[in-house]
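This is what each chain is made of:
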Amino acid sequence: MTRSNLILLVVIACIAALPMFGGAYALRLGTIACMYAILALSWNIVGGFAGYPSFATAAFFGLGAYTTGVLMSRGVPIGVAVAAAWLASFVVAALLGAALLRLRGHYFAIASLSLIEVFRELVNNATDLTGGGMGLNIPLTSAAGVMSDATFFFYAMWALLLGTALMVLVVSGSKLGFGLACIRQNETAANMIGLNATLYKSVAFGLSACFVSAAGGIYAAWVHYIDPSDVFDILYSVKPIVMALIGGLGSPLGVVIGALVYLGLEEVVWRNYIQIHSGVLGVLIVALLLFLPHGLMSLRDRLLSWRPKRV
């Protein structure tokens, strides 16, 4: 295991200790931080490893939220409901990926973006099942109290983050990761040497979607009410890309750091510039990307290059 991967696991372990240093606000912030990191890590499989600019994150986040919400509203335990959302999203994404991933570049980006509207319209029209535009109320998981509920969902999201990180590390060092790297470098050449690019991309797309879907399921159970405009918000597709660019495209540690930095900027801007928060946050992100086009992880390479060389 590389030093970068070890640091990633240490960072995740440190996040688990967050409830010891704060109350309900710390738990809320930690839960969102874990969720953002899951979205960024999952996107990195397709966008970073394979080099395909996917905007489908919000589609599968919403699919997982509604799958979990519908099952829980019918008495299914949260663990079973989230697991069902995880599996369903993997199958749906792998099948869709076999078709959509034949497109490349901006064609694939537009096709993946259209999935958000397709899934949103399906949910809006399935009124008897999902509540349509009126939203869906999800029953409480327990009546143990506000802090106990917040602690439960924090550690549920943290456990999913740990699972996502381990999956990404396994993929990056496996045959699948090597195949995705070949596809990113030159997909035509990869096909010519016998690599089944469609299979590799479909599996990567499925893995990218299923953990996002599980995060959506935990989020739905956490907030107890969801509607299509919330869980199918296009920002859930844009934010992971920004986080990956801030941290360092293709680096698991970089995208997690990018997610934490983005959340920090978001919180500071919301507190101090609530009227113009979107504009201020956008300016800060653009400035960061202009001065660090390869992300925060590029600072490590700069520091190493500044070290005096021994003769």
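Everything below is about the structure shown above.
Quick caveat: nothing in here was measured; it's all calculated off a predicted structure.

**Q** Please explain the packing of aromatic side chains as it appears in this structure.
**A** To describe a pair of aromatic rings, one takes the distance between the centres and the angle between the planes. With the rule as written, the count across this model stands at 13 aromatic pairs. With a centroid separation of 6.2 Å and an interplanar angle of 10 degrees, the aromatic rings of Tyr66 and Phe232 are classed as stacked. Residue Tyr66 is found in helix 3 (residues 57–73), and its partner Phe232 is found in the loop between helix 10 (228–231) and helix 11 (235–247); the two are separated by 166 residues along the sequence. Since its relative accessible area comes to 4%, Tyr66 is described here as buried.

**Q** For this particular structure, what's the right way to read a nonpolar patch on the surface?
**A** There is a patch of nonpolar side chains on the surface, built from Leu113, Ile234, Leu235 and Val238 and spanning about 280 Å² of accessible area. As for its placement among the helices and strands, Leu113 is situated in helix 5 (residues 105–125).

**Q** Mind showing me how you'd approach the layout of surface pockets here?
**A** To find leftover empty space, one rolls a probe the size of a water molecule over the atoms. The calculated volume of the largest pocket comes to roughly 490 Å³. Along the walls of the largest pocket sit 22 residues, with Tyr36, Leu235, Lys239, Tyr262 and Glu266 positioned nearest its centre. In terms of residue class, the lining of the largest pocket is built from 14 nonpolar, three polar and five charged.

What counts and how
Residues numbered from 1 in each chain as written. Predicted model: local features only at pLDDT ≥ 70, side-chain atom pairs only at ≥ 80, totals over all residues. Heavy atoms only, no water. Phe/Tyr/Trp six-rings, centres within 6.5 Å; stacked < 30°, edge-to-face > 60°. Helix = DSSP H or I, 4+ residues; strand = E, 2+ residues; numbered from the N terminus. Buried < 20%, exposed > 50% of the residue type's maximum accessible area, 1.4 Å probe, protein only. Patch = residues over 30% accessible without salt bridge, like charges linked within 9 Å, V, L, I, M, F, W, Y side chains within 5 Å. Areas by Shrake-Rupley, 256 points an atom, 1.4 Å probe, with all protein chains shown as cover. Salt bridge = Lys/Arg side-chain N within 4 Å of Asp/Glu carboxyl O. 1 Å grid on protein atoms, 1.4 Å probe; cavity = no way out; pocket = protein on both sides within 12 Å on 5 of 7 lines; lining within 4 Å. Points joined across faces, edges and corners; volume = space filled by probe spheres on them. Nonpolar A, V, L, I, M, F, W, Y, C, P; charged D, E, K, R; others polar.

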